[in-house]
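# Architecture at a glance
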Amino acid sequence: MKINAKINFGCVLGLWLLFIGTAAAEDGIQIIIKDHRFSPSEVRVKANTKIKLLVSNEDQTAEEFESFSLNRERVVRAGQSITIFLPPLKPGSYDFFGDFHPDTAQGKVIAE
């Protein structure tokens, strides 16, 4: 019976650690589009970690989240939200912009 107890404890511990990692990934980083600008315009993330961005558009018009360095391009309709998953990033700076308003909608992800 002691062997089963150790196995069960190991399974429980493993599931608990998996849950914590999933919960952290599910939280995500919120970015708001308002007045054709991203807020915050600079997002700092932990390098070499999966990232979840939650992008909400509070404008009356659509905007496109675009990034050549992140290899992402997604339209965010007016009043809607999208989720963008990023792979683990190497340390560095990754620019993104709003393709429909590139002069004002600019931002960056900084992996540290």
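Everything here concerns the structure above.
Scope of this entry: the structure provided in the associated data block. Starting from 1, residues in each chain are numbered consecutively following that chain's sequence as written. Residues qualify for local features only when their pLDDT is at least 70, as the model is predicted, and side-chain atom pairs are given and counted only at 80 or more; totals for whole chains, interfaces and linings, by contrast, use all residues. Hydrogens are left out, water is left out, and the side-chain values use all remaining heavy atoms of the structure.

## A word on the nonpolar core
We call a set of buried residues a nonpolar core when its members are Ala, Val, Leu, Ile, Met, Phe, Trp, Tyr or Cys and they connect through side-chain atoms within 4.5 Å of each other. A simple rule labels every residue: compare its accessible area, found with a 1.4 Å probe on the protein chains alone, to the largest value its type can have, and call it buried under 20%, exposed over 50%, or partly exposed in between. Among the nonpolar cores identified, the biggest contains 21 residues, and Leu53, Val55 and Leu89 are the most heavily contacted of them. By the criteria applied, helices consist of DSSP H or I runs no shorter than four residues and strands consist of E runs no shorter than two, each listed in order from the N terminus. At the level of secondary structure, the elements contributing two or more residues to this core comprise strand S1 (29–34), strand S3 (42–45), strand S4 (51–57), strand S7 (81–86), strand S8 (92–98) and strand S9 (106–111). Once residues lying within four places of it in the same chain are set aside, the contact partners of Val55 are Ile31, Ile33, Phe65, Val76, Gln80, Ser81, Ile82 and Ile84. Residue contacts follow a heavy-atom distance rule, with two residues in contact if any of their heavy atoms lie within 4.5 Å.

## Describing the side chain of Glu66
On the secondary structure map, Glu66 appears in strand S5 (residues 63–67). Among all residues touching Glu66, those that are not within four sequence positions of it are Arg72, Glu73, Phe96, Phe97 and Asp99.

## Focus on the pairing of S7
Across the two faces of S7 the burial differs, with Ile82, Ile84 and Leu86 buried and Ser81, Thr83 and Phe85 not buried at all. Bridge analysis of S4 against S7 gives 6 bridges, and the strand direction is antiparallel. Across the sheet, residue Lys52 finds its bridge partner in S7, namely Phe85. When DSSP locates at least two bridges between a pair of strands, those strands are taken to pair.

## What to know about the packing of aromatic side chains
The geometry of an aromatic ring pair is captured by two quantities: the separation of the ring centres and the angle between the planes. Stacked, tilted and edge-to-face pairs are distinguished by plane angle, under 30 degrees for stacked and over 60 for edge-to-face with tilted covering the rest, among Phe, Tyr and Trp rings (Trp via its six-membered ring) whose centres lie within 6.5 Å. Evaluation of the coordinates by the stated rule reveals 4 aromatic pairs. On the basis of an interplanar angle of 80 degrees and a centroid distance of 4.9 Å, the ring pair of Phe38 and Phe96 is categorised as edge-to-face. Of the two residues, Phe38 sits in strand S2 (residues 37–39) while Phe96 sits in strand S8, which places them 58 residues apart along the sequence. Of the two residues examined, Phe38 and Phe96, each falls in the buried class. Ring centres 4.8 Å apart and planes at 25 degrees place the aromatic pair Phe65 and Phe96 in the stacked group. Note that Phe65 is positioned in strand S5 and Phe96 in strand S8, a separation of 31 residues in sequence. Chaining the aromatic ring pairs together yields one cluster made of Phe38, Phe65 and Phe96.

## Side note on the environment of Asp99
Assignment of secondary structure puts Asp99 in the loop between S8 and S9. In sequence terms Asp99 and Glu64 are 35 residues apart; their C-alpha atoms lie 5.2 Å from each other. Apart from residues no more than four positions distant in its own chain, Asp99 is found in contact with Glu63, Glu64 and Glu66.

## Some details on the pairing of S5
For S5, the tally of buried residues reaches 5 of 5 residues, placing the bulk of the element in the interior. Sheet analysis places S5 next to strand S6 (residues 72–76), joined by 5 bridges and oriented antiparallel. The partner of Phe65 across the bridge, within S6, is Arg74. Between the antiparallel neighbours S5 and S6 lie 4 residues, among them Asn71 with a positive phi of about 60 degrees. Bridging between S5 and S8 involves 2 bridges; their strand directions are antiparallel. Bridge assignment links Phe65 to a residue of S8, and that residue is Gly98.

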